[in-house]
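# Residue-level structure breakdown
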Amino acid sequence: MIEARELTKRYGDTVAVDGVDFSVQKGEVVGFLGPNAAGKTTTMRMLTGFIPPTNGTATIADYDIFENPLEARRRIGYLPETPPLYPEMTVSSYLAFIARIKDIPRRARREHIDRAVERCGLTSVRRRVIGTLSKGFRQRVGLAQAIVHEPPVLILDEPTVGLDPLQIHEIRSLIRDLAAPGKGDTQQTVILSTHILAEVEAICRRVILINQGRKVVDAPIEDLTRNGQSLEELFVRETASDAVAKREASDGGAREATP
Ligand SMILES: Nc1ncnc2c1ncn2[C@@H]1O[C@H](COP(=O)(O)OP(=O)(O)O)[C@@H](O)[C@H]1O
Ligand SMILES: [Mg+2]
């Protein structure tokens, strides 16, 4: 459903994302894990067509993000780090606006909005002005705008950041519900970025760990924790050892000493 090939993004001398390859099958729920500045947001922005890669490409449901950007984007629901909410709009009018932008045919809009409102637990606040909602509810509205066109792929960038523990719990269960296979053959494919280990353990089956723009781990969580190691141990080892290697490489003569 998602294929990333050699995805690379450079900003001047900074290599934000460095030749990242991965594929995500239909129905998979993958945690995109990495410390701050690892390149998670940049990767997601490339997948969703918000910024062009410097190198490499990706396909969404077999549509190349360069060759068929509109078809690719149509199949993605994206929750950015800061969702583009309009605080002065009501939940329903905002979702109606998004439904229009996303080209949902006029006669289907009402139904799509009703389903998104219901799935995201927004029924009781649909006539409220977004700016008066709690952060947890605003994040639900962010999720509702991501799913309103009922895309097969969801890309969620740190969906629980800035929420309190109860709100985190609620948003995580909501994401688990959204990711659960629907009726018929509707299977949601999800990539969710986070630097919180408990989040991947709570929601995802597979983890892709990136550090300094490179993919360092890509495996089912079950395989990673089989020998009794915790995800935390893995995270610390993979992100710290890389940092050490980098420090050594930049430290004069140490470069020759490293095999
Ligand atoms: N627009 C930009 N201009 C310059 N550097 C950027 C830009 N966006 C991201 N970066 C850099 O790219 C790296 C990866 O950032 P980001 O993808 O936001 O990481 P993450 O989401 O994992 O925290 C960081 O070093 C960041 O400073
Ligand atoms: Mg980020």
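Overview of the structure. (Residues numbered from 1 in each chain as written. Chains lettered and ligands numbered in written order. Predicted model: local features only at pLDDT ≥ 70, side-chain atom pairs only at ≥ 80, totals over all residues. Heavy atoms only, no water.)

## Here's the deal with the nonpolar core
Val91, Leu122, Val141, Leu143, Leu156 and Leu231 are the most contacted members of the largest nonpolar core, which totals 49 residues. By residue number, the principal contributor to this core is helix H6 (residues 165-179), which donates six residues. Both domains that meet at this core, namely domain 1 (1-75 + 153-216) and domain 2 (81-150), each give it at least three residues. In this view, valine 91 contacts Leu122, Val125, Arg126, Arg128, Ile130, Leu133 and Val141; residues no more than four positions away in its chain are not counted. In this structure, Ala16, Leu47, Ala72 and Ile76 belong to the second largest nonpolar core, which totals 26 residues. (Core = buried A, V, L, I, M, F, W, Y, C linked by side-chain atoms within 4.5 Å. Buried < 20%, exposed > 50% of the residue type's maximum accessible area, 1.4 Å probe, protein only. Helix = DSSP H or I, 4+ residues; strand = E, 2+ residues; numbered from the N terminus. Domains from an automatic or database assignment. Contact = heavy atoms within 4.5 Å.)

## Here's the deal with the sheet that holds strand S8 (residues 189-194)
Within the open sheet, the six strands sit side by side as S6-S7-S8-S3-S9-S10. Their pairing is mixed. The sheet is open, and its two edges are formed by strand S6 (76-79) and strand S10 (214-220), each paired on a single side. Neighbour to neighbour, the strand axes of the sheet diverge by 15° on average, direction disregarded. Alignment of S6 against strand S7 (residues 153-157), held across four bridges, turns out to be parallel. By the bridge assignment, isoleucine 76 is partnered in S7 with valine 153. (Pairing = 2+ DSSP bridges. Axes fitted to C-alpha atoms, helices over the stretch in contact; angles between N-to-C directions.)

## Some remarks on the coordination of the magnesium ion (ligand 2)
The magnesium ion (ligand 2) binds to the protein through Thr41 (OG1) and Glu81 (OE), with metal-donor distances spanning 2.0 to 2.6 Å. Taken together, the residues span a long stretch of sequence, with threonine 41 in helix H1 (residues 40-47) and glutamate 81 in the loop between S6 and helix H3 (91-101) at a distance of 40 residues. (Donors = N, O, S within 2.8 Å, 3.2 Å for Na, K, Ca; no water.)

## What about H3?
Given 3.6 residues to a turn, an α-helix orients residues that are three or four positions apart in the same direction. Regarding H3, the residues found buried are Val91, Ser92, Tyr94, Leu95, Ile98 and Ala99. For H3, the angular spread of buried residues about the axis comes to 160°, placing them on one side. Aspartate 103 sits one or two residues past H3 and shows a positive phi near 65°. (Arc of directions from axis to C-beta.)

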